[in-house]
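# Observations on the model geometry
Listed below are the residues making up each chain.
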Amino acid sequence: MATHAHHHHEHHGHDLADAAQKALTAAGEQWTDMRADIFSVLATFDKPASAYDIADLVSQKRGKRVAPNSVYRILDLFVANNLASRVESANAYLANAHPGCLHDCIFLICDSCGSATHIDDDSLTRNVRKAAEAAGFNAVRPVVEVRGTCADCD
């Protein structure tokens, strides 16, 4: 289903956190304890997670309340640095399993179970960017969301 000209290395667990830390510090940002905790919690979700869900779990982990607005700021930093993707229609986030690889976002979102599958199809997103350009629009970060029912729920 994914179409791209290179091979992805899908990171998981501690390897994913290490890849995220390397990507963020390479971008000139600090990998703080709070950022590490938020990324660690985000990476545990197999469905898009809201900032409130993440704040609750980080608060439990830290033993003190973490405000959702603080989580939002860090999630925005993660999205800007390709460590996470934002599912726009759900205002929720997924950890990027290959933070060193930049693609526009294409999500397949199940209306039944809430899962979101990220796929890469560079030819599709290239055409979206071309269409935007032809309309005189500068597409900064195209996001394509396809809603329907996943194979498990169908």
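Note that the structure is predicted; figures quoted are calculated from it, not measured.

### Here we look at the environment of Ser115
One can find Ser115 in the loop between β3 (105-110) and β4 (116-119). Look at Ser115 and you get buried, because its relative accessible area is 18%. With 35 residues separating them in the primary sequence, Ser115 and Cys150 have C-alpha atoms 7.9 Å apart. In contact with Ser115, other than residues within four places in its own chain, are Lys47, Pro48, Leu108, Ile109, Cys110 and Cys150.

### Thoughts on helix α5 (residues 122-134)
The terminal C-alpha atoms of α5, which comprises 13 residues, lie 18 Å apart, in line with the 18 Å expected from a rise of 1.5 Å per residue. Residue Gly136 follows α5 closely and has a positive phi angle near 80°.

### Let's talk about the nonpolar core
Ranked by size, the top nonpolar core spans 23 residues in total, and within it Ile38, Ile54, Val71, Leu75 and Phe78 carry the most contacts. Listing elements by their share of this core, those giving two or more residues are α1 (13-26), α2 (33-42), α3 (51-62) and α4 (68-80). In terms of residue count, the dominant contributor to this core is α4 (six residues). If sequence neighbours within four positions are ignored, Ile54 has contacts with Ile38, Val41, Leu42, Phe45, Ala49, Val71 and Leu75. In terms of nonpolar packing, the next biggest core, distinct from the first, is built from six residues, Cys105, Phe107, Ile109 and Ala116 among them.

### Section: the sheet that holds β4
Spatially, three strands are ordered β4-β3-β5 in an open sheet, and the strand pairing comes out mixed. For this open sheet the edge positions go to β4 and β5 (143-148), each flanked by a neighbour on one side alone. Taken pair by pair, the neighbouring strands of this sheet meet at an average axis angle of 20°, ignoring direction. Two elements, β3 and β5, share six bridges in a ladder whose sense is parallel. Paired with Ile109 across the two strands is Arg147, which belongs to β5.

### Here we look at the confidence of the model for the protein
Overall, the prediction assigns the protein a mean pLDDT of 86, with 88% of residues at 70 or greater. At the level of individual helices and strands, the protein shows its lowest average pLDDT in β4, which scores 84, and its highest in α3, which scores 97. Low pLDDT (under 50) marks residues 1-12, which in the prediction has 26 contacts with non-local residues, meaning those over four places away or in another chain.

### Quick word on the packing of α2 against α3
Packing of α2 against α3 leaves a shortest axis separation of 9 Å and a crossing angle of 120°. Put simply, α2 runs oblique to α3. Crossing angle aside, the handedness with which α2 passes α3 is right-handed. Along its contact with α2, which presents Asp33, Met34, Asp37, Ile38, Ser40, Val41 and Leu42, the element α3 presents Ile54, Leu57, Val58, Lys61 and Arg62.

Quick notes on the rules
- Residues numbered from 1 in each chain as written.
- Predicted model: local features only at pLDDT ≥ 70, side-chain atom pairs only at ≥ 80, totals over all residues.
- Heavy atoms only, no water.
- Helix = DSSP H or I, 4+ residues; strand = E, 2+ residues; numbered from the N terminus.
- Buried < 20%, exposed > 50% of the residue type's maximum accessible area, 1.4 Å probe, protein only.
- Contact = heavy atoms within 4.5 Å.
- Expected span 1.5 Å × (residues − 1).
- Core = buried A, V, L, I, M, F, W, Y, C linked by side-chain atoms within 4.5 Å.
- Pairing = 2+ DSSP bridges.
- Axes fitted to C-alpha atoms, helices over the stretch in contact; angles between N-to-C directions.
- pLDDT = per-residue confidence, 0-100.
- Parallel < 35°, antiparallel > 145°, perpendicular 65-115°, else oblique.
- Left-handed = near helix turned anticlockwise from the far one by under 90°.

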